[in-house]
Amino acid sequence: MTTELVLLGTAAAPMPVRGRLGISSALVVDGRVFVIDCGRGCPTAFIEAGLDFKSLEAVFITHLHADHVGDLPGILLYPWGVRGDDSGPLNPIHIYGPAQPRALPGGDDSFHRQTTIHPELPAPGTVDLVEHIVAGFAYHLNVMPLDALMPDAGALVRVTDVTVPIRAAGADLSPTVVFQDEVLKITAIPVTHGHAVPAYAYRFDTPDGAVVFSGDTTVSDDLVAFAQDADILVHSVADLGYLERHGFVGDALKRMAALHTDVSEVGGVADRARVGELVLTHYLPAEPDAITDAEWARRAGVGFSGTATAGRDGLRRTLSR
């Protein structure tokens, strides 16, 4: 029994950059593969990491920004042809992610929508998203089996909206159990990421240890409690000072600060959570030559008594007890 973390991509933001794929991670638990977020290049990174699409069991989405779900169609559709064996289709890939928000957020004079896309359903949840993906690729799914041996498209995917109850005033936050069996327990809490509501962090508890994925978040006391004593905390990181020096000022910088955890703060989060290793990901700026790995790790390690690691595409960590 082993649990292995694999970083598939570590770039923040939708804009492609050279040398770093979009945000995505995998956790392999006793051969079962779970993917967390599906950013740009996720399916290719999955194969390059030596992972097997036949072993892909589920995908967990932290929030519905494009840089986290842009290659969700690919992770479902590209390996469709191998998701079967002599006895028929494999179990469907299960997708877990945020439910519909209670309301579409508003803007202000600086940041606002000019057009409301799909006003009939302007704030879809994960179930809605996947239903639209399947519908949008209906031609492929209906025609491809006529020219190549394909599993039943009806057994391709199942989706669950993750709903976290509203916390009562003055009460502690209780993590929501998303999935549990005799080996694995996966829980979620809400985190703060600007207007992206809901946005989640996920914790995977296995017989080998615990791995927590922060998702995109500002500094969060709830996340500190959620990640207590985890072996690895995979945390998003930004250098707000770098952004300011490169033109993000005024309201734009305030918005960035309301979306992300600065590199000067992330070590304190990890230390308070008493995690064994802090692994940085979802870099902002995303370009690998903007800030060196050594500098990211050095600055993130300030105030942290454990190991701070600058994650990179393809980085692996094995847990075993």
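This write-up is about the structure you can find in this document. (Residues numbered from 1 in each chain as written. Predicted model: local features only at pLDDT ≥ 70, side-chain atom pairs only at ≥ 80, totals over all residues. Heavy atoms only, no water.)

1. Focus on the pattern of salt bridges
Counted only if it meets this: Salt bridge, as used here: a side-chain nitrogen of Lys or Arg that lies within 4 Å of a carboxyl oxygen of Asp or Glu. What counts as a helix is a DSSP run of H or I of at least four residues, what counts as a strand is a run of E of at least two, and both are numbered from the N terminus. In this scheme, a residue with accessible area under 20% of its type's maximum is buried, one over 50% is exposed, and one in between is partly exposed, where area comes from a 1.4 Å probe on protein chains only.
Under the criterion given, the structure shown has 11 salt bridges. A salt bridge links D181 to R32, with the shortest nitrogen-to-oxygen separation between them at 2.7 Å. One end of the pair, D181, is in the loop between β9 (176-180) and β10 (185-190); the other, R32, is in strand β3 (residues 32-36), with 149 residues separating them in the sequence. The class for D181 is partly exposed, based on a relative accessible area of 24%. The structure contains a network of salt bridges with shared partners spanning R32, E57 and D181.

2. Regarding helix α4 (residues 126-136)
The test is simple: It only takes one pair of heavy atoms within 4.5 Å for two residues to be counted as in contact.
Considered for burial, the residues of α4 that qualify are T126, D128, V130 and I133. On its buried side, α4 packs onto α3 (72-77), β7 (93-98) and β8 (157-162).

3. Describing the packing of helix α9 (residues 263-273) against helix α10 (residues 293-300)
Condition: Every axis corresponds to a line fitted to the C-alpha atoms, with the helix fit spanning only the stretch in contact, and the corresponding angles, defined between N-to-C directions, vary from 0 to 180 degrees. Orientation is classified from the angle alone, with under 35 degrees giving roughly parallel, over 145 giving roughly antiparallel, 65 to 115 giving roughly perpendicular, and any other angle giving oblique. As a working rule, the residues Ala, Val, Leu, Ile, Met, Phe, Trp, Tyr, Cys and Pro are called nonpolar, Asp, Glu, Lys and Arg charged, and the rest polar, with Gly in that last group.
Relative orientation of the contacting elements α9 and α10 amounts to 55°, with a least axis distance of 7 Å. One finds that α9 runs oblique with respect to α10. Residues V263, V266 and G267 of α9 form the contact with α10, whose own contacting residues are W296, R299 and A300. Split into classes, the residues belonging to the contact of α9 with α10 amount to four nonpolar, one polar and one charged.

4. Remarks on the packing of aromatic side chains
Selection rule: To pair, rings of Phe, Tyr and Trp, with the six-membered ring standing in for Trp, must have centres within 6.5 Å; the planes then decide the type, stacked if under 30 degrees apart, edge-to-face if over 60, and tilted in the middle.
Applying the stated criterion across every chain, the model contains nine aromatic pairs. Ring geometry for F46 versus F53: centroids 4.2 Å apart, planes at 15°, classification stacked. Across this residue pair, the class does not change: F46 and F53 are buried. For the ring pair Y283 and W296, a centre distance of 5.0 Å and an interplane angle of 45° mean the geometry is tilted. With Y283 in strand β14 (residues 277-284) and W296 in helix α10, this residue pair connects regions lying 13 residues apart in the sequence. Take W296: its relative accessible area is 1%, and that puts it in the buried class.

5. Things to note about the nonpolar core
To be explicit about the condition: Throughout this description, the term nonpolar core refers to a set of buried Ala, Val, Leu, Ile, Met, Phe, Trp, Tyr and Cys residues connected via side-chain atoms within 4.5 Å.
Grouped together as the largest cluster of nonpolar side chains are 37 residues, with contacts concentrated most on V212, L233, V237, V275, L278, L280 and W296. Looking at this core, the elements with two or more residues in it are β12 (209-213), α6 (221-226), β13 (232-238), α7 (240-245), α8 (250-257), α9, β14 and α10. Counting residues per element, this core draws most heavily on α9, which supplies five residues. If near-sequence neighbours (up to four positions away) are discounted, V212 is found in contact with Y202, R203, L223, F226, A227, A230, I232, L233 and V234. Residues C38, C42, V130 and I133 belong to the second largest nonpolar core, which totals 29 residues.

6. Considering the sheet that holds strand β15 (residues 307-310)
Worth spelling out the cut-off: Note on pairing: DSSP must find at least two bridges between two strands before they are called paired.
Across the sheet, which stays open at both edges, the seven strands sit in the order β9-β10-β11-β12-β13-β14-β15 with mixed pairing between neighbours. This sheet does not close on itself; its edge strands, each paired only once, are β9 and β15. Strand after strand, the sheet turns through a mean of 25° between neighbouring axes, direction not considered. The pairing of β14 with β15 spans four bridges and is parallel. When the sheet's bridge partners are listed, V279 is paired in β15 with T309.

7. Structural notes on the side chain of D216
To keep things clear, this is the line we draw: Positive residues here are Lys and Arg, negative ones are Asp and Glu, while His and the chain termini are left out of the count. N or O atoms closer than or at 3.5 Å make up a polar contact, with two conditions inside protein: a donor-capable atom paired with an acceptor-capable one, and, for residues adjacent in sequence, both atoms drawn from side chains.
For D216, the location among the structural elements is in the loop between β12 and α6. One buried charge, D216, has no salt-bridge partner; the nearest side chain with opposite charge is R20, at 13 Å. Looking at D216, its side chain comes within polar contact range of the side chain of H193, at 3.3 Å. At 3.0 Å, the side chain of D216 forms a polar contact with the side chain of H282. When residues no more than four places from it in sequence are discounted, the contact partners of D216 are H63, H68, V191, T192, H193, S236, L259, H260 and H282.

8. Points about the pairing of β13
So the rule is basically this: Seen with its strands pointing away from the viewer, a crossover is right-handed if its path from the first strand over the helix to the second goes clockwise.
In terms of burial, β13 is a largely internal element, seven of the seven residues being buried. Every second residue of β13 is oriented toward a common face, with I232, V234, S236 and A238 on one face and L233, H235 and V237 on the other, all of them buried. With three bridges joining them, β12 and β13 adopt parallel strand pairing. The partner of F213 across the bridge, within β13, is V234. Read as a crossover between parallel neighbours, the route from β12 over α6 to β13 is right-handed. The pairing of β13 with β14 spans seven bridges and is classified as parallel.

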